[in-house]
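Examining the three-dimensional arrangement
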Amino acid sequence: MRSRGMGGIAAALALAALALAAPQKTPKPKAADARDGPCPTFFRDVAAARGLNFRHERGATPGHQLPETMGSGVAWLDYDGDGWMDLYVVQSGPFPPNGSVQARDRLYRNRGDGTFEDVTEKAGIADTAYGMGAVAADFDNDGWTDLFVTNFEGNILFRNNGDGTFTDVTEKAGVRGSGWSTSAAFADFDGDGWLDLFVVRYLDYRVEKNFFCGNVEKGTREYCHPSLYPPIGNLLYRNNRDGTFTDVTESSGIARALGKGLGVVVSDLDGDGRPDVYVANDTTMNFLFHNLGGLRFEDVSLLSGAGLSVFGRPFGGMGVNAGDLDGDGLPDLVVANFEAEPNSYYRNVGSGVFEDLSTSSGFGAPAFTFSGFGLNLLDVANAGRLDAFVANGHVLEVPHQQGVTYAERPQLYWNDGKGRFVERGCGEPFRKAVVSRGSATADFDNDGDLDIAVSNSGGPLELLENAGRHGSWLGLVLVGSRSNRQGVDARVTLTTDAGKQVRETRAGESYLSSSDPRVHFGLGAATARSLEIRWPSGIVQTLPAPPAGRYTRIEEPQAPHPNPLPPGEGVSPRRLSTPSPGSPERPSR
């Protein structure tokens, strides 16, 4: 269970052989609105100005089919390897799905000059299913980021060919799945150096099972409550290391837990070196699956304290994330919930146990009249602590609750560094009511602060550019050797003269979405001293802090593990004090 310290031997390592800067951009002065005076920084929507002319189609019908209310998500990825984050946006389209071009997802390439171009056709992206979400990761360890897209009835895996195009390898890979998939996450659950796949499913819903909900006398319909539909299990796929996956849902123990899943985040919550899974469920208990190794999990949802609210009942969980919010080095959990419910903040007290601090932290109460979906943790002003962004929007055009509206403004929660929050929107987007769903963060312009992409149901995509005053920063691009190529599941600890910060790398979070895979640290006015990376392989690498104000590429040392274990048995963290020579070449295709 929880190991609170991992002391080791610090080594003075030369970064020259390890550090390669990603393309950088010099920030330009930006003017703030007078209403944002108290804010150290502010956001503005620049989607249209940057070439992101996307409008979500939810396919609303007179029949009020439930899937029409839930999409969609976004995924940031550097699909062409040029160091700039590109954006994949999921489209839903007509319902029931009919293969219409109106349902086609879009891929936007970042030109590196602050603008994007639509390269969907050029890239060979042809998903016309009724889309939900997306997650980006290098599942085949070839150095190129691939895409997994969740849909209503049938998911799609796009393999990156390395030449600007993608190939649909769903059938070969064996990951189409069934039912209504929502969020997904890649992680190396068995410690073999290859990314496995966890897929969340919502509920047992079929077009022909659309009940009549609304006013019978007037004949007016509205969307049914999810309590009317049975729960369903999630899916877990093991990566076979040959481009295919095996469904291990039953053997892993995951199948025994039936819920109504919408969000998922993967994090090593008890510090044992194995990634655990946390699922946000809608009106049923949230799931915490503790990784036992060997692709076996135990359901500790109730015992952990993170399955129910402090009131002993489940909420309508949708978006979810994990991060060290109080500076104690342990990943905490946050959940965005439905109206008339506070958002949830579960503080990690160690050994895989959590306490609900939603009320006392200030994170819960401001959300009471909102319905939260996208949920991101980011250091907004590069101050050295994680703040929170919540994308809100109701599911009913005419909500029943007094004071609640269909379109809702997003929320920004400022963290004092000790897990106490103040909700204060900064910028015009926080004064605008929209019906938001998925959201994901990325430094799209490489200026060192994190921006936010937001998908709005039935509305235009937003790109919230982070502007204003910021502290110093540094970023990392991790490259695995014994671990998976992207270093997903790595835990990075940065020591500065102001203290320590901990970040985890992941693929899949928030609601239906996937954020920038690079590691970002805000420094404020502090000076970075040293860096410790616990790679998924178990190797722990210690090195001097890289330069501030840039993204540094760091490669995992290639020394063999002293006690190799069979695949699936996991590894224990060990320290390594020597870097690997040079940079591995990217494989040609």
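Residues numbered from 1 in each chain as written. Predicted model: local features only at pLDDT ≥ 70, side-chain atom pairs only at ≥ 80, totals over all residues. Heavy atoms only, no water.

Right, let's talk about the overall build of the protein for a bit. Per the secondary structure count, the protein includes 4 helices and 38 strands. Taking all 589 residues of the protein together, 62% fall into the buried category. Residue pairs in contact within the protein that sit at least 24 positions apart in sequence constitute 62% of those at least 6 positions apart. Per element, the accessible surface of the protein, about 20200 Å² overall, is 52% carbon and sulfur. (Helix = DSSP H or I, 4+ residues; strand = E, 2+ residues; numbered from the N terminus. Buried < 20%, exposed > 50% of the residue type's maximum accessible area, 1.4 Å probe, protein only. Contact = heavy atoms within 4.5 Å. Areas by Shrake-Rupley, 256 points an atom, 1.4 Å probe, with all protein chains shown as cover.)

Attention shifts here to the sheet that holds strand E24 (residues 372–378). Judged by pairing direction, the sheet is antiparallel, and its 4 strands sit side by side in the order E24-E25-E26-E27 without closing on themselves. Strands at the two margins of the open sheet, each flanked by one partner only, are E24 and strand E27 (421–423). On average, each strand axis in the sheet is inclined to that of its neighbour by 20°, with strand direction left out of account. Sheet topology note: the E24/strand E25 (residues 387–392) ladder contains 5 bridges and is antiparallel. Across the sheet, the residue bridging to Leu375 is Val390, located in E25. (Pairing = 2+ DSSP bridges. Axes fitted to C-alpha atoms, helices over the stretch in contact; angles between N-to-C directions.)

This part takes up the pattern of salt bridges. Applying the stated rule across the entire model yields 30 salt bridges. Among the ionic pairs, Glu397 bridges to Arg58, the shortest N-O distance being 3.0 Å. One end of the pair, Glu397, is in the loop between E25 and strand E26 (411–415); the other, Arg58, is in the loop between strand E1 (41–45) and strand E2 (74–77), with 339 residues separating them in the sequence. Using a relative accessible area of 13% as the deciding quantity, one classes Arg58 as buried. Taking the shortest distance from any N to any O, the salt bridge between Glu504 and Arg491 comes out at 2.9 Å. Of the two residues, Glu504 is situated in strand E33 (residues 499–504) and Arg491 in strand E32 (residues 491–496); the sequence distance between them amounts to 13 residues. (Salt bridge = Lys/Arg side-chain N within 4 Å of Asp/Glu carboxyl O.)

In the structure shown here, the tally under the stated rule is 23 aromatic pairs. Consider the rings of Phe152 and Tyr205, whose centres lie 6.3 Å apart with planes at 70°: the pair is edge-to-face. Of the two residues, Phe152 is situated in the loop between strand E7 (146–151) and strand E8 (156–160) and Tyr205 in the loop between strand E11 (196–201) and strand E12 (214–215); the sequence distance between them amounts to 53 residues. Here Phe152 falls in the buried class, since its relative accessible area comes to 1%. On the basis of relative accessible area, Tyr205 is assigned to the buried category, the value being 3%. A network of ring pairs unites the aromatic residues Phe95, Tyr130, Phe152, Trp180, Tyr202, Tyr205, Phe211 and Tyr229 as a single cluster. The ring of Phe373 has Arg437 sitting right over it, with the charged end atom 4.1 Å from the ring centre. (Phe/Tyr/Trp six-rings, centres within 6.5 Å; stacked < 30°, edge-to-face > 60°. Lys NZ or Arg CZ within 6 Å of the ring centre and 35° of its normal.)

Scanning all chains against the criterion turns up 2 disulfides. The residue that forms a disulfide with Cys39 is Cys426, at a sulfur-sulfur distance of 2.0 Å. An S-S torsion of about -80° defines the bridge between Cys39 and Cys426 as left-handed. Of the two residues, Cys39 is situated in the segment before E1 and Cys426 in the loop between E27 and strand E28 (436–442); the sequence distance between them amounts to 387 residues. The exposure classification of Cys39 matches that of Cys426, with both residues buried. (Disulfide = S-S within 2.5 Å.)

One way to see where empty space is left: roll a probe the size of a water molecule over the atoms. Tallying each qualifying case throughout the model produces 6 cavities of 30 Å³ or more. By volume, the largest cavity is sized at about 460 Å³. Along the wall of the largest cavity there are 29 residues; nearest its centre are Leu377, Arg503, Glu504, Arg506 and Glu509. Of all the secondary structure elements, the ones that give two or more residues to the lining of the largest cavity are strand E20 (319–323), E24, E33 and strand E34 (519–524). Class assignment for the residues of the lining of the largest cavity results in 11 nonpolar, 9 polar and 9 charged. (1 Å grid on protein atoms, 1.4 Å probe; cavity = no way out; pocket = protein on both sides within 12 Å on 5 of 7 lines; lining within 4 Å. Points joined across faces, edges and corners; volume = space filled by probe spheres on them. Nonpolar A, V, L, I, M, F, W, Y, C, P; charged D, E, K, R; others polar.)

Per-residue pLDDT for the protein averages 90, and the proportion of residues at 70 or more is 89%. Every residue in residues 1–22 is under pLDDT 50, and counting partners more than four places away or in other chains gives 68 contacts. Across residues 561–589 the pLDDT falls below 50, and counting only partners more than four positions away or on other chains, this stretch makes 79 contacts in the model. (pLDDT = per-residue confidence, 0-100.)

Now for the environment of Thr496. Here Thr496 is to be found in strand E32. Among the polar contacts listed, one links the side chain of Thr496 to the backbone nitrogen of Ala498, at a separation of 3.0 Å. (Polar contact = N/O pair within 3.5 Å; in protein donor to acceptor, adjacent residues only side chain to side chain.)

What follows deals with the sheet that holds strand E37 (residues 551–555). What the 3 strands build is an open sheet, ordered E34-E31-E37; its pairing is mixed. The open sheet has two edge strands, E34 and E37, and neither has a second partner. For this sheet, the mean angle separating the axes of adjacent strands, direction not counted, is 25°. Alignment of strand E31 (residues 472–479) against E34, held across 5 bridges, turns out to be antiparallel. Residue pairing in the sheet places Ser472 in a bridge with Gly524 of E34.

We now examine unusual backbone geometry. As a rule of thumb, non-glycine residues mostly have phi less than zero, and peptide bonds are mostly trans rather than cis. The step from Gly71 to Ser72 runs through a cis peptide bond, and the omega angle for that step is 5°. Relative to the helices and strands, Ser72 is located in the loop between E1 and E2. Along the chain, Phe95 connects to Pro96 via a cis peptide bond; the corresponding omega equals 0°. On the secondary structure map, Pro96 appears in the loop between strand E3 (86–89) and strand E4 (106–110). In the Ramachandran plot, His64 falls in the positive-phi region, its phi being about 50° despite a non-glycine side chain.

Our next topic: the pairing of strand E6 (residues 131–137). Along E6, 7 of the 7 residues are buried, which leaves the element largely enclosed by surrounding structure. Pairing geometry for E6 and E7, over 6 bridges, is antiparallel. The residue bridging Val135 from the neighbouring strand is Phe148, located in E7.

Attention now moves to the nonpolar core. Judged by nonpolar contacts, the single largest core of 21 residues is most densely connected at Leu66, Met70, Trp180, Tyr202, Leu203, Tyr205 and Tyr511. Grouped together as the second largest cluster of nonpolar side chains are 18 residues, Ala137, Phe148, Phe186 and Leu235 included. (Core = buried A, V, L, I, M, F, W, Y, C linked by side-chain atoms within 4.5 Å.)

Among the secondary structure elements, Val207 is positioned in the loop between E11 and E12. Residue classification places Val207 among the partly exposed residues on the basis of a relative accessible area of 27%. C-alpha of Val207 to C-alpha of Pro67: the two residues are 140 residues apart in sequence and 9.3 Å apart in space. In contact with Val207, other than residues within four places in its own chain, are Gln65, Phe95, Pro96 and Phe152.

For His520, the position within the fold is in strand E34. Looking at His520, the relative accessible area reads 8%, which means it is buried. A polar atom in the side chain of His520 sits 2.9 Å from the backbone oxygen of Gly448.

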